[in-house]
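Next come the chains, spelled out residue by residue.
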Amino acid sequence: MSIRWIRNVVVDGRQTTLEVLLGEARIADKCYIRVNQDEEFWFRPSSDNRQAILQQGIDMLKNRFDGKNVTAQNGSSFPWH
């Protein structure tokens, strides 16, 4: 059973969906990040701890959007945690 962290945000004025997959059959077996319907970017987690894997994926997404304006849908600052 997979665990997904999915958030809808606005990036430079465009609706965007962010996703982190934490495992397919069990935690840390297969992990990826994805933006909208783009191809998944698979990564090897640094541990098998759920919170650590999620943070690793979120950090990768944050880096991808460095320099862009990422907000919640209501225009407030997006809480990356």
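Remember, predicted model here, so these are calculated numbers, not experimental data.

## Focus on the overall build of the protein chain
Phase 1 of the analysis: If you tally the helices and strands in the protein chain, you get 1 helix and 5 strands.
Phase 2 of the analysis: Secondary structure elements of the protein chain occur, N-terminal to C-terminal, as β-β-β-β-α-β.
Phase 3 of the analysis: When contacts within the protein chain are restricted to residue pairs at least 6 apart in sequence, long-range pairs at least 24 apart make up 36% of them.
Phase 4 of the analysis: For the protein chain, the computed accessible surface area is about 5300 Å², with 44% contributed by carbon and sulfur atoms.
Phase 5 of the analysis: Averaging the locations of the 11 positively and 10 negatively charged side chains of the protein chain gives two centres separated by 2 Å.

## Notes on the sheet that holds strand S4 (residues 41-43)
Phase 1 of the analysis: Pairing within the open sheet is antiparallel, and its 5 strands lie in the order S4-S3-S2-S1-S5. Two strands bound the open sheet, and with one partner strand each, they are S4 and strand S5 (70-72). The mean inter-strand angle of the sheet, taken between neighbouring strand axes irrespective of direction, is 30 degrees.
Phase 2 of the analysis: In this structure, strand S2 (residues 14-21) lies alongside strand S3 (residues 31-35), joined through 4 bridges in antiparallel fashion. For Leu21, the partnering residue across the bridge sits in S3 and is Tyr32.
Phase 3 of the analysis: Running at roughly 35 degrees to S3, helix H1 (residues 50-64) makes contact with strand S1 (4-11), S2, S3 and S4 of the sheet.

## What to know about the environment of Ile27
Phase 1 of the analysis: Its location among the elements puts Ile27 in the loop between S2 and S3.
Phase 2 of the analysis: Relative accessible area serves as the criterion here: at 31%, Ile27 is assigned to the partly exposed category.
Phase 3 of the analysis: Each C-alpha atom, one on Ile27 and one on Ile53, is 8.9 Å from the other, the two residues being 26 residues apart in sequence.
Phase 4 of the analysis: Not counting the four nearest positions on each side in its chain, Ile27 is found in contact with Ile3, Leu22, Asp48, Arg50 and Ile53.

## Remarks on H1
Phase 1 of the analysis: Between its first and last C-alpha atoms H1 spans 21 Å; for 15 residues at 1.5 Å apiece the expected length is 21 Å, and the two agree.
Phase 2 of the analysis: The inward-facing, buried residues of H1 contact S1, S2, S3 and S4.

## Thoughts on the nonpolar core
Phase 1 of the analysis: Within the largest apolar cluster, 19 residues are counted, with the highest numbers of intra-cluster contacts made by Trp5, Leu18, Val20, Leu61, Phe65, Val70 and Trp80.
Phase 2 of the analysis: When residues in this core are grouped by element, the largest group, 4 residues, is from H1.
Phase 3 of the analysis: Not counting the four nearest positions on each side in its chain, Phe65 is found in contact with Val11, Thr16, Leu18, Val35, Val70 and Trp80.

## Notes on unusual backbone geometry
Phase 1 of the analysis: In the Ramachandran plot, Asp12 falls in the positive-phi region, its phi being about 50 degrees despite a non-glycine side chain.
Phase 2 of the analysis: Judged by its relative accessible area of 44%, Asp12 is partly exposed.
Phase 3 of the analysis: Phi is positive for Ala28, close to 75 degrees, though the residue is something other than glycine.
Phase 4 of the analysis: Along the chain, the position of Ala28 falls in the loop between S2 and S3.
Phase 5 of the analysis: Accessibility expressed as a relative area gives 18% for Ala28, which makes it buried.

About the thresholds
- Residues numbered from 1 in each chain as written.
- Predicted model: local features only at pLDDT ≥ 70, side-chain atom pairs only at ≥ 80, totals over all residues.
- Heavy atoms only, no water.
- Helix = DSSP H or I, 4+ residues; strand = E, 2+ residues; numbered from the N terminus.
- Contact = heavy atoms within 4.5 Å.
- Areas by Shrake-Rupley, 256 points an atom, 1.4 Å probe, with all protein chains shown as cover.
- Lys, Arg positive; Asp, Glu negative; His and termini not counted.
- Charge placed at Lys NZ, Arg CZ, Asp CG, Glu CD.
- Pairing = 2+ DSSP bridges.
- Axes fitted to C-alpha atoms, helices over the stretch in contact; angles between N-to-C directions.
- Buried < 20%, exposed > 50% of the residue type's maximum accessible area, 1.4 Å probe, protein only.
- Expected span 1.5 Å × (residues − 1).
- Core = buried A, V, L, I, M, F, W, Y, C linked by side-chain atoms within 4.5 Å.

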